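One letter stands for each residue in the lines below.
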Amino acid sequence: MTTKDPLLILLVDDDPAEFVILERKLADFEGPPVTLEHVGDIDAAVARISGKDVDLVLLDNRLKPTVDFRETAPKLREAGFVGPIGIISSDISDAYISEFLEYGVDFRIGKDEIDANTISFIVAEYIWDTLSETCAEDLQ
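Conventions and cut-offs
- Residues numbered from 1 in each chain as written.
- Predicted model: local features only at pLDDT ≥ 70, side-chain atom pairs only at ≥ 80, totals over all residues.
- Heavy atoms only, no water.
- Pairing = 2+ DSSP bridges.
- Helix = DSSP H or I, 4+ residues; strand = E, 2+ residues; numbered from the N terminus.
- Axes fitted to C-alpha atoms, helices over the stretch in contact; angles between N-to-C directions.
- Salt bridge = Lys/Arg side-chain N within 4 Å of Asp/Glu carboxyl O.
- Buried < 20%, exposed > 50% of the residue type's maximum accessible area, 1.4 Å probe, protein only.
- Arc of directions from axis to C-beta.
- Contact = heavy atoms within 4.5 Å.
- Phe/Tyr/Trp six-rings, centres within 6.5 Å; stacked < 30°, edge-to-face > 60°.
- Expected span 1.5 Å × (residues − 1).

**So, the sheet that holds strand E3 (residues 56-60)**
Hydrogen bonds along the backbone pair up the strands of a sheet, which may run parallel or antiparallel.
Here's step 1: If you trace the 5 strands from one edge of the open sheet to the other, you get E2-E1-E3-E4-E5, paired in parallel fashion. Single-partner strands in this sheet number two, and they are strand E2 (34-39) and strand E5 (107-110). Going from strand to strand, the sheet's axes swing by 25 degrees on average, the running direction of each strand aside.
Here's step 2: Note: strand E1 (residues 7-12) against E3, 4 bridges, orientation parallel. Paired with Ile9 across the strands is Leu56, a residue of E3.

Spelled out as C-alpha cells, the structure:
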C-alpha cells in the first residue's frame, strides 16, 4: 500500500449514530482517500472482511448479543483478517480491556479520542509501518 492508495475502514458498531459521528470526524482527514463502511454486528463484519480489501477494523467493545471484544475480535482473526483491529469504547478503563493483545487486537481507544489526527496516527503506525524496510523505501 502506498500513501496514495485509498483506505477502507470498517466500523463495527451496533449504534448507527457512531457511523455518522465518525464519518464527520474523518472529514478533516489529511491523507489518502478514506472510505468508511459500517456494519452492525460481528457476523456482518466477518462477511465483509472476506472481501480482503478492508485495511482497518474499528470494533465496538460491546456488540449485542455478545459480552465484549473477547468474543468478537477472535472471530475476525479466525475468518482470516490480518489487518489491524482497534477496540473502540466509551470507557476503556475496565481492567479486562488491557488484555486486548491476547485476543488479536492491535490497539484500544476511547470513542471520544477518535478524530482525523488519531486516524492519521493509526494509519501511519499500523498500516504503512507494516511494510518491510525494502518496501517502505519504495514509497519515498
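**Brief notes about the pattern of salt bridges**
Here's step 1: Scanning all chains against the criterion turns up 8 salt bridges.
Here's step 2: The residue Asp13 makes a salt bridge to Lys111 at a minimum N-O spacing of 2.9 Å. Of this pair, Asp13 sits in the loop between E1 and helix H1 (16-25) while Lys111 sits in the loop between E5 and helix H4 (116-127); the two residues are 98 residues apart in sequence, bridging distant segments of the chain.
Here's step 3: A relative accessible area of 1% places Asp13 in the buried class.
Here's step 4: A relative accessible area of 13% means that Lys111 is categorised as buried.
Here's step 5: Across the salt bridge formed by Asp106 and Arg77, the nearest N and O atoms sit 2.9 Å from each other. Of this pair, Asp106 sits in the loop between strand E4 (85-89) and E5 while Arg77 is found in helix H3 (residues 69-78), placing the two residues 29 residues apart along the sequence.
Here's step 6: You can call Arg77 partly exposed: its relative accessible area is 24%.
Here's step 7: A cluster of three or more residues bridged by salt bridges with shared partners is formed by Asp13, Glu18, Asp60 and Lys111.

**Describing H3**
One turn of an α-helix holds 3.6 residues; hence residues three or four places apart share an orientation.
Here's step 1: The set of residues buried in H3 consists of Phe69, Thr72, Ala73 and Leu76. Seen along its axis, H3 keeps its buried residues to an arc of 95 degrees; they face one direction.
Here's step 2: Contacts made by the buried residues of H3 are with helix H2 (42-49), E3 and E4.
Here's step 3: One or two residues past the end of H3 sits Gly80, with phi positive at roughly 100 degrees.

**Remarks on the packing of aromatic side chains**
The geometry of two aromatic rings is summed up by the distance between their centres and the angle between their planes.
Here's step 1: In this structure the tally under the stated criterion is 3 aromatic pairs.
Here's step 2: By way of ring pairs, the aromatic residues Phe69, Tyr96 and Tyr103 are connected into one cluster.

**Focus: H4**
Here's step 1: Relative to the 16 Å expected for 12 residues at 1.5 Å per residue, H4 spans 15 Å between its end C-alpha atoms, a close match to the ideal helical length.
Here's step 2: Every buried residue of H4 is listed here: Ala116, Thr118, Ile119, Ile122, Val123 and Ile127. End-on view of H4: buried residues confined to an arc of 155 degrees, all on one side of the axis. Summarising the geometry of H4, the exposed residues directed more than 90 degrees from the buried face are Asn117 and Phe121.

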